Amino acid sequence: MSEIDRRQVTQAQVAKDFDDVAGDYEDKINAALSFGGREHAFYIDVKREHILRLARDHFSDIGNIEVLDLGCGLGAYHAGLEGKFGELHGIDVSAHSVELAASRHPFVRYATFDGERLPYADGQFSLAFTVCVMHHVPPPQWAAFAAEMYRVMKPGGLALVFEHNPYNPATQYIVKTCDIDKDAVLLRPGQLRGLLA
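Residues numbered from 1 in each chain as written. Predicted model: local features only at pLDDT ≥ 70, side-chain atom pairs only at ≥ 80, totals over all residues. Heavy atoms only, no water.

Chemist: What is the right way to look at the overall build of the chain in this model?
Modeler: Of the regular secondary structure elements, the chain holds eight helices and five strands. Element order for the chain, N to C, with α for helix and β for strand: α-α-α-α-β-β-α-β-β-α-β-α-α. The C-alpha atoms of the chain give a radius of gyration of 16 Å, which matches the 16 Å a tight globule of 197 residues would have. By its C-alpha atoms, the chain is 45 × 35 × 30 Å across when sized along the principal axes. Entry remark: accessible area of the chain is about 9,900 Å², with carbon and sulfur atoms responsible for 52%. (Helix = DSSP H or I, 4+ residues; strand = E, 2+ residues; numbered from the N terminus. Rg over C-alpha atoms; globule rule 2.2 N^0.38 Å. Areas by Shrake-Rupley, 256 points an atom, 1.4 Å probe, with all protein chains shown as cover.)

Chemist: Where do I start with empty space enclosed by the protein in this structure?
Modeler: Unoccupied space between atoms shows up once a probe the size of one water molecule is rolled over them. Here the structure, examined in full by the defined rule, presents one cavity of 30 Å³ or more. Quantified by volume, the largest cavity comes out at close to 40 Å³. In terms of lining residues, the largest cavity is bounded by Val 14, Asp 17, Phe 18, His 136, Ile 180 and Asp 183. When its residues are assigned to classes, the lining of the largest cavity shows three nonpolar, one polar and two charged. (1 Å grid on protein atoms, 1.4 Å probe; cavity = no way out; pocket = protein on both sides within 12 Å on 5 of 7 lines; lining within 4 Å. Points joined across faces, edges and corners; volume = space filled by probe spheres on them. Nonpolar A, V, L, I, M, F, W, Y, C, P; charged D, E, K, R; others polar.)

Chemist: In this structure, what is going on with the layout of surface pockets? I would like to understand it.
Modeler: Looking at the largest pocket, its volume works out to about 1,000 Å³. Going through the elements one at a time, α2 (11-21), α3 (25-33), α4 (40-58), β1 (66-70) and α7 (169-177) are the ones with two or more residues in the lining of the largest pocket. Grouping the constituent residues of the lining of the largest pocket by class yields 27 nonpolar, 15 polar and six charged.

Chemist: How should I be thinking about the pairing of strand β4 (residues 125-131) in this particular structure?
Modeler: Put simply, side chains in a regular strand alternate between the two faces of the sheet. For β4, the tally of buried residues reaches seven of seven residues, placing the bulk of the element in the interior. Across three bridges, the pairing between β1 and β4 is parallel. Each bridged residue has a counterpart across the sheet, and for Asp 69 the counterpart in β4 is Phe 129. Bridge count between β4 and strand β5 (residues 153-162): six bridges; the pairing is parallel. The residue of β5 that forms the bridge with Ala 128 is Ala 159. (Buried < 20%, exposed > 50% of the residue type's maximum accessible area, 1.4 Å probe, protein only. Pairing = 2+ DSSP bridges.)

Chemist: Can you help me understand the environment of Asp 179 in this one?
Modeler: For Asp 179, the location among the structural elements is in the loop between α7 and α8 (189-196). In this structure Asp 179 comes out as partly exposed when scored by relative accessible area, which is 46%. Placed 159 residues apart in sequence, Asp 179 and Asp 20 show a C-alpha to C-alpha distance of 11 Å.

Chemist: In this structure, what is going on with the pattern of salt bridges? I would like to understand it.
Modeler: Any two side chains of opposite charge can pair, given that their charged atoms come close. In total, this model carries six salt bridges according to the counting rule given. Ionic pairing is found between Asp 17 and Lys 182, a salt bridge with its closest N-O pair at 3.0 Å. Within this pair, whereas Asp 17 is found in helix α2, its partner Lys 182 is found in the loop between α7 and α8, the two being separated by 165 residues in sequence. Owing to a relative accessible area of 37%, Lys 182 belongs among the partly exposed residues under this scheme. Between Glu 148 and Arg 151 there is a salt bridge; the shortest N-O distance is 2.8 Å. Here Glu 148 pairs with Arg 151, and both are found in helix α6 (residues 142-151), just three residues apart, close to one helical turn. Three or more residues joined by partner-sharing salt bridges are found here, namely Arg 117, Asp 122, Glu 148 and Arg 151. (Salt bridge = Lys/Arg side-chain N within 4 Å of Asp/Glu carboxyl O.)

And the structure:
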């Protein structure tokens, strides 16, 4: 699929694609990562610990804050976050992924959305994170995605965006060969900083 074709993918198509792979998502990701010698769980653990470290550095008490995982998918990061925050929310465009996540992590408040407007109040969350999600958001919606994340954040809150390094040859290989990433458009660091600014 060409860069132009990927830019014309709709949020509804992304939701359908992730609904279709939700049942075997981890197997597909592990197959894509197998050449590196580590499973997806290793990378999840590293990013989860980084989220916790940044949260503890930013807030005096993370046990009382309301947190949003934007684009939570199957809730891969949630098992290690149980009891860490006052309240943890997960939201995704894939209803099937959210259904599976809710069955695995009953302590999380899950919801789905249309990929445009988040069903939360302005300034509801002290911390919002999105992990390897934006490259699946259709590029014409990147600015709106960032704006919605900002809208639901409290003043002085912490927004964390994790994305793949688009210059890394291993990342480029995985994105080209993994069916899950068939519509992915990697963001360059300057683009991401500009969106969040």
